[in-house]
Amino acid sequence: MKKKNKETKITEKLYNDIVKDEWKRLVKNPYQKLEFDTSLFFLEKYLPKKGIVLDAGGGPGRYTIELAKRGYEIVLLDLASANLEFAKKKIKREKVDDKVKDIVQGSITDLSKFPDNSFNAVLCLGGPLSHVSPKKEREKAISELIRVAKKNAPIFISVMSRYGVLFGTPGGWPEEAENKKNLIDLVEKGEDYNFRRGEGYCHFFTSKEMEEMLLKNDIKIITKVGLKGLNIDKKLTNRFAKKLPKAWKNWSEISLKMSTDPIVVDASSHMMFIIKKASLSR
Ligand SMILES: C[S@@+](CC[C@H](N)C(=O)[O-])C[C@H]1O[C@@H](n2cnc3c(N)ncnc32)[C@H](O)[C@@H]1O
């Protein structure tokens, strides 16, 4: 791995410190589960029937295990070694070790360990790209994720949304607005050095910004998805799901249907871009 910059170091430390939280992140309540269920819905829709998948920034391995159970071969890569140690145990416990072909510590900005055109699909889910700085490195990461995919392979990249975090601020973390400079940096540049109360770095994207970055490569955009659908406020969403299960079921279906609407994409805390590699890398 190349020399790590300040942002990479704080990201690595953060994720080494919160492995168990990360494992629970996608299943701990109905609001969080929206991201998992919506991602799985679109993975099922666009993944090839079989093949080898790179789970880049795969953390403690939620998607790795889920896809291994569905018969895919997987390579798991993450920056944080504690995530990978945790994933190894889970993979063994879930008896999918034969499907997990490699577990690699590394950065999405340098996938030189993998040859061009080698994966049938590539995942970069839950916002790993949002922790990469500066912009040039984010561009490098995108070109690496595309380079290692086979021609026509789907690539699923989710990032944290600038409007999503702003819509979520009044209900979720109003105290963030106390530091005016941070708030202005977030609004104007998407930059947040106060992520998780100062423990991390995060870049929040607009869908326009992400789209422009992706289109510097030879790809086609299949679709964009707001992974939380019509749900912006965590507390209200969880209360709704708990108190009115029947209404929640109907609402979740509509929310999923609306998740590709451009307004919903930007308003959601996480946005997923599903792209297809259009030509062979040489
Ligand atoms: C919110 S977690 C998502 C984990 C998993 N993909 C999921 O959705 O459950 C973000 C992950 O990105 C990883 N990450 C951050 N920067 C990275 C980088 N430059 N290269 C690889 N992984 C990175 C972190 O270590 C962390 O595991």
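Located above this text is the structure these notes cover.
For the structure given in this document, a descriptive report is provided here. (Residues numbered from 1 in each chain as written. Predicted model: local features only at pLDDT ≥ 70, side-chain atom pairs only at ≥ 80, totals over all residues. Heavy atoms only, no water.)

### Section: the pairing of strand β9 (residues 270-277)
Right, so step 1: Taken across its eight residues, β9 has seven buried, putting it largely inside the fold.
Right, so step 2: When strand β5 (residues 154-160) meets β9, the two strands line up antiparallel, connected through seven bridges. Residue pairing in the sheet places Val159 in a bridge with Met271 of β9. (Buried < 20%, exposed > 50% of the residue type's maximum accessible area, 1.4 Å probe, protein only. Helix = DSSP H or I, 4+ residues; strand = E, 2+ residues; numbered from the N terminus. Pairing = 2+ DSSP bridges.)

### With respect to the site of the ligand
Right, so step 1: Near the ligand, the surroundings consist of 21 residues, among which Gly57, Asp78, Asn83, Ile108 and Leu125 are the closest.
Right, so step 2: The contact in question runs from a nitrogen atom of the ligand to an N or O atom on the backbone of Gly57, over 2.8 Å.
Right, so step 3: Asn83 places a polar side-chain atom, nitrogen or oxygen, 2.9 Å from an oxygen atom of the ligand.
Right, so step 4: Summarising the interface, the protein chains cover 98% of the accessible area of the ligand, which totals 600 Å² for the free molecule. (Near = heavy atom within 4 Å. Polar contact = N/O pair within 3.5 Å; in protein donor to acceptor, adjacent residues only side chain to side chain. Areas by Shrake-Rupley, 256 points an atom, 1.4 Å probe, with all protein chains shown as cover.)

### Overview of the nonpolar core
Right, so step 1: Residues Leu54, Ile108, Phe114, Leu129, Ile157 and Met210 are the most contacted members of the largest nonpolar core, which totals 33 residues.
Right, so step 2: At the level of secondary structure, the elements contributing two or more residues to this core comprise β1 (52-56), β2 (73-78), β4 (121-124), α6 (135-147), β5, α10 (207-214) and β9.
Right, so step 3: Residue contributions to this core peak at four residues, all from α6.
Right, so step 4: Ignoring anything within four residues of it in the chain, the contact list for Ile108 reads Ala56, Gly57, Leu77, Cys124, Pro128, Leu129, Val132, Ala141, Glu144 and Leu145.
Right, so step 5: Ranked by size, the runner-up nonpolar core spans 30 residues in total, among them Leu47, Val53, Tyr63 and Ile274. (Core = buried A, V, L, I, M, F, W, Y, C linked by side-chain atoms within 4.5 Å. Contact = heavy atoms within 4.5 Å.)

### Some points on the sheet that holds β1
Right, so step 1: The mixed open sheet is built from seven strands, whose spatial order is β3-β2-β1-β4-β5-β9-β8. Both edges of this open sheet fall to β3 (100-105) and β8 (219-226), since each of them pairs with a single strand only. Pairwise comparison of adjacent strand axes, ignoring direction, gives a mean angle of 15° for this sheet.
Right, so step 2: Contacting β5, β8 and β9, α10 crosses the sheet at an angle of about 20° to β9. (Axes fitted to C-alpha atoms, helices over the stretch in contact; angles between N-to-C directions.)

### Looking at helix α4 (residues 62-69)
Right, so step 1: Most of α4 is tucked away, with six of its eight residues classed as buried.
Right, so step 2: Taken as a whole, α4 has its buried residues at Arg62, Tyr63, Thr64, Ile65, Leu67 and Ala68.
Right, so step 3: Positive backbone phi, approximately 100°, marks Gly71, located one or two places after α4.

### A word on the pattern of salt bridges
Side-chain pairing between opposite charges can occur once the charged atoms of the two side chains come close.
Right, so step 1: A full pass over the atoms with the stated rule returns 23 salt bridges.
Right, so step 2: For the salt bridge of Arg25 with Glu22, the shortest nitrogen-to-oxygen distance reads 3.3 Å. Glu22 matches Arg25 in its accessibility class, with the two residues each being buried.
Right, so step 3: Between Glu85 and Lys88 there is a salt bridge, and its shortest N-O distance comes to 3.3 Å. (Salt bridge = Lys/Arg side-chain N within 4 Å of Asp/Glu carboxyl O.)

### Considering the side chain of Glu191
Right, so step 1: Looking at the element boundaries, Glu191 is found in strand β6 (residues 191-194).
Right, so step 2: Glu191 has contacts with Arg138, Asn182, Asp185, Leu186, Tyr201, Cys202 and His203, leaving out every residue within four places of it along the chain.

### Some points on the environment of Gly164
Right, so step 1: Position of Gly164 relative to the elements: it lies in helix α7 (residues 162-172).
Right, so step 2: Gly164 gets classed as buried once you look at its relative accessible area, which sits at 6%.
Right, so step 3: Remark: the alpha-carbon pair of Gly164 and Gly226, spanning 62 residues in sequence, is separated by 9.2 Å.
Right, so step 4: Every residue in contact with Gly164, bar those within four places of it in the chain, is listed here: Asp266, Ala267, Ser268 and Ser269.

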